[in-house]
Amino acid sequence: MLTDLKAQSPDKILMLIEEFKADTRQGKIDLGVGVYKDPQGVTPVMRAVKAAEQRIWETQTTKAYTGLAGEPDYRNALATMVLGDLPADRLASVASVGGTGAIRQALELARLANPGVRVFVSNPTWPNHLSIMAFMGLPYTEYRYFDAETRGVDFDGMKADIAQAGKGDVVLLHGCCHNPTGANLTLEQWSEVVAILQKSGAIPLIDLAYQGFGDGLDADAEATRLVARSLPEVLIAASCSKNFGIYRERTGILIALADTTKGRDLAQGSMAFLNRQNFSFPPDHGARIVSTILMDDALRADWAAELEEVRNTMLGLRDQLAAELRDLSGSDRFDFIRHHRGMFSRLGATPEQVQRLKTDAAIYMVGDSRLNIAGLNRDTVPVLARAIIDAGI
Ligand code: PMP
């Protein structure tokens, strides 16, 4: 039986990691994989996470199962961080296996509610969105998003395309820090998106994987909060992997907002059911770290301060890279790097140019020219800038 399996195509980003490891050149630069790295190239355990783990170790008396939906303290604390305050009469939530698990469960929930659901997704998007939908056999359509000329958002294209989604369809939106482009909507543009969804009755699914990595914890949630208060039904898949730096703990949440208590209760029951079918109880350790931090003033303040350091480091690198490129190119055509937000920017280079960066300068980025800003430091920024110009980008 096992020999009947078809070989799966390997994940491109994971392949890139292997290629990078095998490269013996001094001074090679990895801008591929999507994890935060500090200027020393380390993905640190955050101070508050260490402190919370110690506290958990000292006080935890059991590791018996939690509830199917996860711990209420965790869900309340994290949903409050996302939404600002909790519309309890509308809110259903379950702890999930990372942000990925929340997205998967959200799509399953949508399909339970409407077996004919179609999903509208940005072009480009995080490749796993497409891969999960293809695996589930969910029909999806891409909406225009990235403007290759300006490296900003093709907002007219996006509006025209998402207006095609109808009642019972899902529109998948990145809440902030769009992956892979780094190009984001303004709040005014979000209002226009809301108006389109109000008219069509399509339901938004907001993927919020980088809250705190763009303009700040609250600023990055503004769009999600606007959508949440403006539309009757909203799905939100939030991840704690990046903002708490707990990638491997698999910590996330799926939130469903309904317009009736009946809808809320049905969503809550179905989401717990989906947890049960897929893995039973959600992982608890990461969730407990998050609730310990969010519910303790001192830990929370320290975590928020460290997250700000992370965010400002990335903004500093963006400014430095844009400035270097301004000098070297004698033009402002790379200023989009300064305007993009989050860990990524799409350079808009051709696959051949990306290949040249790899062969000529040992600089690794994803084939679509997505670079991880956090893979840089003050010393490697000038090296990258020079290589970008030399590669003819
Ligand atoms: N959505 C997007 C846009 C992402 O970039 C990621 C992580 N790369 C996720 C969701 C999922 O994150 P997690 O590791 O929590 O599953």
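The shown structure was predicted, so the numbers you read here are calculated from the model rather than taken from an experiment. (Residues numbered from 1 in each chain as written. Predicted model: local features only at pLDDT ≥ 70, side-chain atom pairs only at ≥ 80, totals over all residues.)

Caption draft 1: Quick look at the site of the ligand. The ligand sits among 13 residues. The nearest are Gly-98, Gly-99, Thr-100, Ser-239 and Ser-241. No other element matches the 3 residues that helix α4 (residues 98-113) contributes to the shell around the ligand. Of the residues that constitute the shell around the ligand, the class distribution is 3 nonpolar, 9 polar and 1 charged. (Near = placed C-beta within 6 Å. Helix = DSSP H or I, 4+ residues; strand = E, 2+ residues; numbered from the N terminus. Nonpolar A, V, L, I, M, F, W, Y, C, P; charged D, E, K, R; others polar.)

Caption draft 2: Region of the structure containing the nonpolar core. Within the largest apolar cluster, 110 residues are counted, with the highest numbers of intra-cluster contacts made by Val-82, Ala-106, Ala-237 and Ala-256. It is helix α11 (residues 297-329) that contributes the most residues to this core, 8 residues altogether. Looking at which domains feed residues into this core, each of domain 1 (11-44 + 311-390) and domain 2 (65-295) gives three or more. When sequence neighbours within four positions are dropped, the list of residues in contact with Ala-106 reads Leu-205, Leu-235, Ala-237 and Leu-254. (Core = buried A, V, L, I, M, F, W, Y, C linked by C-beta atoms within 7 Å. Buried ≥ 20, exposed ≤ 12 C-beta atoms within 10 Å, placed from the backbone. Domains from an automatic or database assignment. Contact = placed C-beta atoms within 7 Å.)

Caption draft 3: Expanded view of the sheet that holds strand β3 (residues 119-123). Pairing is mixed across the open sheet formed by 7 strands, whose spatial order is β2-β8-β7-β6-β5-β3-β4. The two strands at the open ends of the sheet, each matched to only one other strand, are β2 (91-97) and β4 (140-144). Across the sheet, the mean angle from the axis of one strand to that of its neighbour is 25°, orientation sign disregarded. (Pairing = 2+ DSSP bridges. Axes fitted to C-alpha atoms, helices over the stretch in contact; angles between N-to-C directions.)

Caption draft 4: Layout of the UniProt feature "domain: Aminotransferase class I/classII large" (unreviewed entry) in the protein chain. UniProt's feature table lists "domain: Aminotransferase class I/classII large" (unreviewed entry) at residues 28-388, given in the numbering used throughout. For the annotated span residues 28-388, helix accounts for 48% and strand for 14% of the residues, and the straight-line distance between the end C-alpha atoms is 15 Å. (UniProt positions renumbered as here; feature names shortened; annotations may be inferred.)

Caption draft 5: Representation of the pairing of strand β5 (residues 170-174). Of all 5 residues that make up β5, 5 are buried, and the element is covered over most of its length. Judged by which residues are buried, β5 turns out to be covered on both faces: Val-170, Leu-172 and His-174 on one side and Val-171 and Leu-173 on the other are all buried. One ladder, built from 2 bridges, connects β3 with β5; its direction is parallel. Along β5, the bridge assignment pairs Val-119 with Val-170. Strand direction decides the pairing type here: β5 and strand β6 (residues 203-208), joined by 5 bridges, are parallel. Bridge pairing in β6 links Leu-172 to Leu-205. Once the chain exits β5 it traverses helix α7 (residues 187-200) before rejoining the sheet at β6, and the crossover so formed is right-handed. (Right-handed = clockwise from strand over helix to strand, strands pointing away.)

Caption draft 6: Quick peek at the domain arrangement of the protein chain. Under the domain assignment used here, the protein chain contains domain 1 (11-44 + 311-390) and domain 2 (65-295). Once you take the C-alpha centre of each, domain 1 and domain 2 turn out to be 28 Å apart. With 18 residues of domain 1 in contact, the opposing surface of domain 2 contributes 23 residues. Examining the composition of the side of domain 1 that touches domain 2, we find that 3 residues originate from one element, strand β9 (residues 344-346), more than from any other. Here the side of domain 1 that touches domain 2 is composed, by residue class, of 7 nonpolar, 6 polar and 5 charged.

Caption draft 7: A look at the environment of Phe-213. Relative to the helices and strands, Phe-213 resides in the loop between β6 and α8 (217-230). Among all residues touching Phe-213, those that are not within four sequence positions of it are Cys-177, Lys-242, Asn-243, Arg-311, Gly-342 and Met-343.

Caption draft 8: Structural context of the confidence of the model for the protein chain. In the predicted model, the protein chain carries a mean pLDDT of 96, and the fraction of residues at 70 or more is 100%. Interface confidence in the predicted complex, given as ipTM, is 0.99; pTM for the same model is 0.97. (pLDDT = per-residue confidence, 0-100.)

Caption draft 9: Spatial organisation of the environment of Ala-219. Along the chain, the position of Ala-219 falls in helix α8. In sequence terms Ala-219 and Cys-176 are 43 residues apart; their C-alpha atoms lie 9.2 Å from each other.

Caption draft 10: Spotlight on unusual backbone geometry. Residue Pro-124 is reached from Asn-123 by a cis peptide bond, and omega for that bond is 5°. You can see Pro-124 is positioned in the loop between β3 and α5 (127-136). Across the junction of Asn-179 and Pro-180, the peptide omega takes the value 20°, indicating a cis bond. By the secondary structure assignment, Pro-180 is in the loop between β5 and α7. Despite not being glycine, Cys-177 shows a phi value in the positive range, around 50°. Summarising the element assignment, Cys-177 is placed in the loop between β5 and α7.

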